[in-house]
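# Examination of the molecular architecture
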Amino acid sequence: MSRTAYDIRTGRRTRVLGWAARAGAADYGTVFTWKTWLLGWFVRMLAQVLFFATIGNLLGPGQARYLLVGNAVALVALHGVFATASTTWELQNGTLALLVASPSSPALVLVGRSLFWLPDGVACGLGAVLILAPVAGLSLTVTSVALLAALLILVAVTSYCLGLFLGSLVLTAVDLRNVVSNAAFTVMLIVCGPEVPSHAVGPVLAGFGQVLPLTHGLLAIREVLAGGASAHTAALAGWETLIGVCWLTAALTALALRARRSRRDGAALFLG
């Protein structure tokens, strides 16, 4: 393929992804205004983190900080997993058949369709840490906040990749979308370390947590907020990135296979 043809294809894919992201953001804009998001959704997320931080104060020294950080970062992962449900919206809206029939990749559209969850999740997680830090005696610096924001974005993206993969599995089983996303997030709470250290759940579950998003990203964030950012922190971020790439590859492969099968046998709604 020539350089010019490659640039043209890349430009087309970028435009498709951009328009899909705009469509998703427009849908999200019909649900929330900035006022209802700030005074409704964000306050709800903040109260959830505060609840666990308060429990931590009752458990003993350092527990409030542990639960505050864990549940704030878990909020970011939760928004990423929401992609499981929103990936099925095209089927509900009756537009999935058009995506399959179009020359563009349906997988590319579905990836962009739910990108609005990423800034939402990062805003909730970062806002929770910044606002509730005094509750847990958490000291923040400009450097730690900058690193925290970068790592929260990473956790949001990797969790989103997992959500896309799960969404590809329930694409035609709409009734299961919330069941699967809630189950996945519950498992992440248990094995990825937000509530208790991963090693506390046993070697089998802890090993399972090693291949899920959130685990390594959360450990990196805990190191940053403890003032111990180092090469080990960068290694943890690298593992989180690798895990996200694997889940994204699985999601794109599953969506591409379903699209190819639908185009071959005429099942334009992925129903075959």
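Here we summarise the structure given alongside this text.

This next bit is on the packing of aromatic side chains. Counted under the stated rule, the structure contains ten aromatic pairs. Ring geometry for Phe-82 versus Trp-117: centroids 4.8 Å apart, planes at 55 degrees, classification tilted. Within this pair, whereas Phe-82 is found in the loop between helix 3 (63-81) and helix 4 (83-86), its partner Trp-117 is found in helix 8 (residues 117-132), the two being separated by 35 residues in sequence. Look at Trp-117 and you get buried, because its relative accessible area is 10%. An aromatic cluster of at least three residues, connected via ring pairs, comprises Tyr-28, Phe-32, Trp-41, Phe-82, Phe-116 and Trp-117. The ring of Tyr-66 carries Arg-222 above its face, with NZ or CZ at 3.6 Å from the centroid.

In this section: the side chain of Glu-240. Along the chain, the position of Glu-240 falls in helix 13 (residues 231-265). Excluding residues that lie within four positions of it along the chain, Glu-240 makes contacts with Leu-154, Val-155, Thr-158, Pro-213, Leu-214, Thr-215, His-216 and Gly-217.

Next up on the list: unusual backbone geometry. One non-glycine residue, Leu-214, lies in the positive phi region at around 90 degrees. Locating Leu-214 in the fold gives a position in the loop between helix 11 (203-209) and helix 12 (215-225). Given the relative accessible area of 0%, Leu-214 is considered buried.

Another aspect to go through is the layout of surface pockets. Taken as a whole, the largest pocket encloses approximately 270 Å³ of empty space. Arg-9, Arg-12, Arg-13, Val-16, Pro-103, Ser-104, Ser-105, Ala-107, Leu-108, Val-111, Leu-248 and Leu-252 are the residues that line the largest pocket. Broken down by secondary-structure element, the contributors of at least two residues to the lining of the largest pocket are helix 1 (3-29), helix 7 (106-113) and helix 13. The biggest single contributor to the lining of the largest pocket is helix 1, with four residues. Class assignment of the residues belonging to the lining of the largest pocket gives a composition of seven nonpolar, two polar and three charged. By volume, the second largest pocket is sized at about 160 Å³. What lines the second largest pocket is Phe-32, Trp-41, Arg-44, Met-45, Gln-48, Leu-78, Phe-82, Trp-117 and Phe-185. The element contributing the most residues to the lining of the second largest pocket is helix 2 (residues 34-59), with four residues. A class-by-class count of the residues in the lining of the second largest pocket yields seven nonpolar, one polar and one charged.

A separate point is the side chain of Thr-158. Note that Thr-158 resides in helix 9 (residues 142-169). Residue Thr-158 is classed as buried on the basis of its relative accessible area of 2%. Apart from the residues within four sequence positions on either side, Thr-158 is in contact with Pro-213, Leu-214, Glu-240 and Gly-244.

With that settled, consider a nonpolar patch on the surface. Among the surface-exposed residues, Trp-34, Leu-38 and Leu-39 lie close enough to one another that they form a single nonpolar patch of about 380 Å² accessible area. Turning to its location among the elements, Leu-38 is positioned in helix 2. A relative accessible area of 35% places Leu-38 in the partly exposed class.

Calculation criteria
- Residues numbered from 1 in each chain as written.
- Predicted model: local features only at pLDDT ≥ 70, side-chain atom pairs only at ≥ 80, totals over all residues.
- Heavy atoms only, no water.
- Phe/Tyr/Trp six-rings, centres within 6.5 Å; stacked < 30°, edge-to-face > 60°.
- Helix = DSSP H or I, 4+ residues; strand = E, 2+ residues; numbered from the N terminus.
- Buried < 20%, exposed > 50% of the residue type's maximum accessible area, 1.4 Å probe, protein only.
- Lys NZ or Arg CZ within 6 Å of the ring centre and 35° of its normal.
- Contact = heavy atoms within 4.5 Å.
- 1 Å grid on protein atoms, 1.4 Å probe; cavity = no way out; pocket = protein on both sides within 12 Å on 5 of 7 lines; lining within 4 Å.
- Points joined across faces, edges and corners; volume = space filled by probe spheres on them.
- Nonpolar A, V, L, I, M, F, W, Y, C, P; charged D, E, K, R; others polar.
- Patch = residues over 30% accessible without salt bridge, like charges linked within 9 Å, V, L, I, M, F, W, Y side chains within 5 Å.
- Areas by Shrake-Rupley, 256 points an atom, 1.4 Å probe, with all protein chains shown as cover.
- Salt bridge = Lys/Arg side-chain N within 4 Å of Asp/Glu carboxyl O.

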